[in-house]
Amino acid sequence: MSKYKKNSLSLTGAVAMGTGVMIGAGIFALLGQVAELSGEYFAYAFILGGIISGFSAYSYIKMSNAYPSAGGIAMYLQKAYGKGTITAAASLLMAFSMIINESLVARTFGSYTLQLFDAGERSFWVPALGVGLLIIAFVVNILGNKAIGKISLYMAALKIGGLIIFAAGALWASGVDLDAAVPSEDPKNSIVDYVAALALSILAYKGFTTITNSGSEIEKPHKNVSRAIVISLSICVVIYFLVALAVGSNLSIPQIIEAKDYSLAEAARPLFGDFGLIFTVGIAIIATVSGVIASIFAVSRMTGMLTDMHLIPHSHLGMSGTIQRHMLVYIVVIAIILTIFFDLSRIASLGAIFYLVMDIIVHVGVLRYLRREVKAKSSILITAIILDVVVLLAFLVVKSQTDVFIIYVAVPSIILIFLAEFFFLKNKFDEGEADMHSHE
């Protein structure tokens with residue numbers, strides 16, 4: 001993995017990578033948290049989240065078609081804002097949101113695996129198993145693109161097929177019909193809660209950006225990057241909705257919330273017994289393992305590109321090998337720290353805030369500077385910005401009332417990232433080491 005390898009990922013491999021990241025984090029890690037905010041309508045929150053993600057994907061598709069790059073979002077931001085603070089800071093927000101996603105999926109792996117044993121929900125083994133998964137994913141990533149592509153493809157097929165079997169079996173066993181899919185009771189959650197839930201459902205789809213971060217490594221990138229994004233999003237919308245309906249038809253909302261870290265396994269217990277539990281946990285293990293592998297693959301490429309662009313500082317710290325391998329080490333270390341010290345809810349919240357802020361910056365950049373160049377429609381870009389802003393504000397309002405600690409972590413962290421990049425790039429400019437042409 002010392003160099004970027006053009007045409008090393010097929011369209012099928014790119015779709016497998018995108019769905020691998022999305023399904024790993026989405027339905028297993030976030031279903032219970034979405035249900036907590038949106039109540040009986042939680043299945044539909046995944047549809048709305050998919051629609052909003054579709055609007056967001058528009059900017060990435062237009063940019064990918066015009067400028068496919070292994071640096072993905074970092075290169076797109078540079079096209080819009082130049083080589084300056086906004087590009088560097090927004091790229092880091094994306095990178096950190098991906099690393100946060102890895103720790104989210106790692107803890108989910110631990111939570112589901114422990115359902116096979118009587119270890120307790122808050123066991124030491126949840127973070128311990130998560131750390132173990134991150135270390136294994138690091139080793140797999142050292143093997144290179146071909147190994148990752150094959151692993152992602154096989155695991156994607158297994159988990160998609162497994163989730164379809166789970167959903168079909170659960171819906172059939174519960175005798176659910178179309179009328180039952182629509183709650184008859186009045187909503188118990190506020191509108192703000194419902195909108196805030198969309199922040200988490202959007203997080204379940206952010207894996208499509210993994211595809212953009214591998215742009216030039218995909219065969220025929222000018223066509224296949226956009227195709228891979230559309231196919232991945234479409235697959236995940238259908239699977240999320242069916243699985244959410246299946247869980248909702250067999251567990252009450254309080255039951256889903258109580259078991260929110262492992263709700264699919266909890267739904268399988270009364271329906272299918274021990275075999276169903278083992279089957280569901282097996283799918284979760286496959287999904288989370290492939291999700292972490294694919295995410296680490298993508299973020300290492302992105303941070304490696306940021307280093308090559310001289311937008312972030314880099315130190316070898318005595319390590320041998322390439323910059324990309326160094327970035328793998330840094331990424332996994334940060335993910336391990338998050339896995340040990342943060343629970344699933346806080347990890348997901350932090351990731352959602354970082355991602356939405358970065359997403360808004362991307363859309364604004366395309367709208368202001370690149371709309372004509374990439375042939376994008378203003379109406380779609382403006383809609384994407386408005387949807388992101390509304391969802392982010394609602395999520396911040398809800399968190400300020402329920403877990404203000406996340407606000408205290410997220411907001412200063414974002415400010416610190418921008419300030420750190422400003423002074424880092426200013427020093428490089430003063431030293432004459434970087435081209436600081438920018439629209440800022």
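Keep in mind it's a predicted model, so treat the numbers as computed, not measured.

Rules of the game
Residues numbered from 1 in each chain as written. Predicted model: local features only at pLDDT ≥ 70, side-chain atom pairs only at ≥ 80, totals over all residues. Heavy atoms only, no water. Helix = DSSP H or I, 4+ residues; strand = E, 2+ residues; numbered from the N terminus. Buried < 20%, exposed > 50% of the residue type's maximum accessible area, 1.4 Å probe, protein only. Contact = heavy atoms within 4.5 Å. Expected span 1.5 Å × (residues − 1). Bend = angle between axes of the 7 residues up to and from the residue. Phe/Tyr/Trp six-rings, centres within 6.5 Å; stacked < 30°, edge-to-face > 60°. Lys NZ or Arg CZ within 6 Å of the ring centre and 35° of its normal. Core = buried A, V, L, I, M, F, W, Y, C linked by side-chain atoms within 4.5 Å. Patch = residues over 30% accessible without salt bridge, like charges linked within 9 Å, V, L, I, M, F, W, Y side chains within 5 Å. Areas by Shrake-Rupley, 256 points an atom, 1.4 Å probe, with all protein chains shown as cover. Salt bridge = Lys/Arg side-chain N within 4 Å of Asp/Glu carboxyl O. Lys, Arg positive; Asp, Glu negative; His and termini not counted. Polar contact = N/O pair within 3.5 Å; in protein donor to acceptor, adjacent residues only side chain to side chain. Axes fitted to C-alpha atoms, helices over the stretch in contact; angles between N-to-C directions. Parallel < 35°, antiparallel > 145°, perpendicular 65-115°, else oblique. Left-handed = near helix turned anticlockwise from the far one by under 90°. Nonpolar A, V, L, I, M, F, W, Y, C, P; charged D, E, K, R; others polar. pLDDT = per-residue confidence, 0-100.

Chemist: Any chance you could explain the overall build of the chain here in plain terms?
Modeler: Looking only at helices and strands, the chain has 15 helices and 0 strands in total. Burial analysis of the chain (440 residues in total) assigns 59% to the buried set. Taking the contacts inside the chain whose residues are at least 6 apart along the sequence as the reference set, 84% of them involve residues at least 24 apart.

Chemist: Looking at this model, I keep getting lost on helix α11 (residues 263-308). Mind explaining?
Modeler: Residues separated by three or four positions in an α-helix point in the same direction, a consequence of the helix having 3.6 residues per turn. The end-to-end C-alpha distance of α11 is 42 Å, clearly below the 68 Å that 46 residues give at a rise of 1.5 Å each. At F272, α11 shows its maximal bend, which comes to roughly 145°. Count one or two residues on from α11 and you reach H310, which has phi positive near 60°.

Chemist: Looking at this model, I keep getting lost on the packing of aromatic side chains. Mind explaining?
Modeler: Applying the stated rule across the entire model yields 10 aromatic pairs. Taken together, a centroid distance of 5.2 Å and an interplanar angle of 80° make the contact between F422 and F423 edge-to-face. On the basis of relative accessibility, which here comes to 47%, the residue F423 falls in the partly exposed class. Among the aromatic side chains, those forming a connected cluster through ring pairs are F46, Y205 and Y240. Here K79 stacks its cationic end above the ring of Y67, 4.5 Å away from the centre of that ring.

Chemist: Hey, could you run me through the nonpolar core in this one?
Modeler: Within soluble globular proteins, side chains that are nonpolar generally end up buried alongside one another. In terms of nonpolar packing, the biggest core is built from 152 residues, with I23, I27, F28, L31, F46, V243 and L264 touching the most fellow members. Among all residues touching F46, those that are not within four sequence positions of it are I27, L31, V34, S201, A204, Y205, Y240 and A244.

Chemist: Please explain unusual backbone geometry as it appears in this structure.
Modeler: What is expected of a backbone is that most residues other than glycine have negative phi and most peptide bonds are trans. Phi is positive for H310, which is not a glycine, with a value near 60°. Counting through the fold element by element, H310 comes out in the loop between α11 and α12 (323-341). The exposure class of H310 is partly exposed, given its relative accessible area of 38%. With a phi angle near 60°, K375 is a residue other than glycine that sits in the positive phi range. In this fold, K375 is placed in the loop between α13 (344-370) and α14 (378-402).

Chemist: I would appreciate a short explanation of a nonpolar patch on the surface in the present structure.
Modeler: A contiguous nonpolar patch, built from V411, I415, L419, F422 and F423 and spanning about 460 Å² of accessible area, is present on the exposed surface. For F422, a relative accessible area of 40% gives the class partly exposed.

Chemist: Got a minute to help me understand the side chain of R107 in this structure?
Modeler: Within the secondary structure, R107 sits in helix α4 (residues 85-113). The buried charged residue R107 lacks any salt bridge partner; its closest oppositely charged side chain belongs to D261, at an N-O distance of 6.4 Å. Within polar-contact distance, the side chain of R107 engages the backbone oxygen of F342 at 3.2 Å. Those residues in contact with R107, other than ones at most four positions away along the chain, are V126, P127, T339, I340, F342, D343, L344 and I347.

Chemist: How should the pattern of salt bridges be read in this particular structure?
Modeler: A side chain of one charge can pair with a side chain of the opposite charge when the charged atoms of the two come close. Considering all chains together, one arrives at 2 salt bridges under this definition. The salt bridge involving E36 is made with K260; its shortest N-O contact spans 3.0 Å. Of this pair, E36 sits in helix α1 (residues 11-38) while K260 sits in the loop between α10 (253-258) and α11; the two residues are 224 residues apart in sequence, bridging distant segments of the chain. Overall, E36 belongs to the partly exposed group, its relative accessible area being 35%.

Chemist: Explain helix α7 (residues 191-203) to me, please; I cannot follow it from the model alone.
Modeler: For α7, which comprises 13 residues, the first-to-last C-alpha distance of 19 Å matches the rise-based estimate of 18 Å (1.5 Å per residue) to within 8%. Counted residue by residue, α7 has 11 buried out of 13 residues, so it is predominantly covered. Here α7 has its buried residues at D193, Y194, V195, A196, A197, L198, A199, L200, S201, I202 and L203.

Chemist: Looking at this model, I keep getting lost on the packing of helix α2 (residues 42-66) against α14. Mind explaining?
Modeler: Relative placement of two packed helices is described by the angle separating their axes and the distance separating the axes. The interhelical angle for the contact between α2 and α14, taken along N-to-C directions, is 130°, at an axis separation of 9 Å. One finds that α2 runs oblique with respect to α14. When the axes of α2 and α14 are compared, the crossing they make is left-handed. Side by side, α2 and α14 meet where I52, F55, S56, Y58 and S59 of the first sit next to I380, L381, T383, A384, L387, D388 and V391 of the second. By residue class, the composition of the contact of α2 with α14 is 8 nonpolar, 3 polar and 1 charged.

Chemist: What's the story with the packing of α7 against α13 in this structure? I'm lost.
Modeler: The geometry of α7 relative to α13 is characterised by a closest axis approach of 9 Å and an angle of 85° between their N-to-C directions. With respect to α13, the axis of α7 lies roughly perpendicular. Counted together, A199, L200, I202 and L203 of α7 and A348, S349, G351, A352, Y355 and L356 of α13 form the full contact between these two elements. Residue classes in the contact of α7 with α13 are distributed as 8 nonpolar, 2 polar and no charged.

Chemist: Explain the environment of L311 here, please?
Modeler: As for its position among the elements, L311 is in the loop between α11 and α12. Each C-alpha atom, one on L311 and one on A88, is 5.5 Å from the other, the two residues being 223 residues apart in sequence. What L311 contacts, discounting residues up to four positions off in sequence, is K83, G84, T87, A88, L306, E421, F424 and L425.

Chemist: Teacher, can you tell me more about the confidence of the model for the chain here?
Modeler: Interpreting fine coordinate detail is not advised for predicted regions of low pLDDT. On average, the chain scores 83 in pLDDT, and the residues at 70 or more come to 85%. When mean pLDDT is compared element by element in the chain, α14 scores highest at 96, while helix α6 (residues 145-174) scores lowest at 75. Here residues 434-440 is modelled with pLDDT under 50, and outside its nearest four sequence neighbours on either side it reaches 21 contacts, counting other chains as well.

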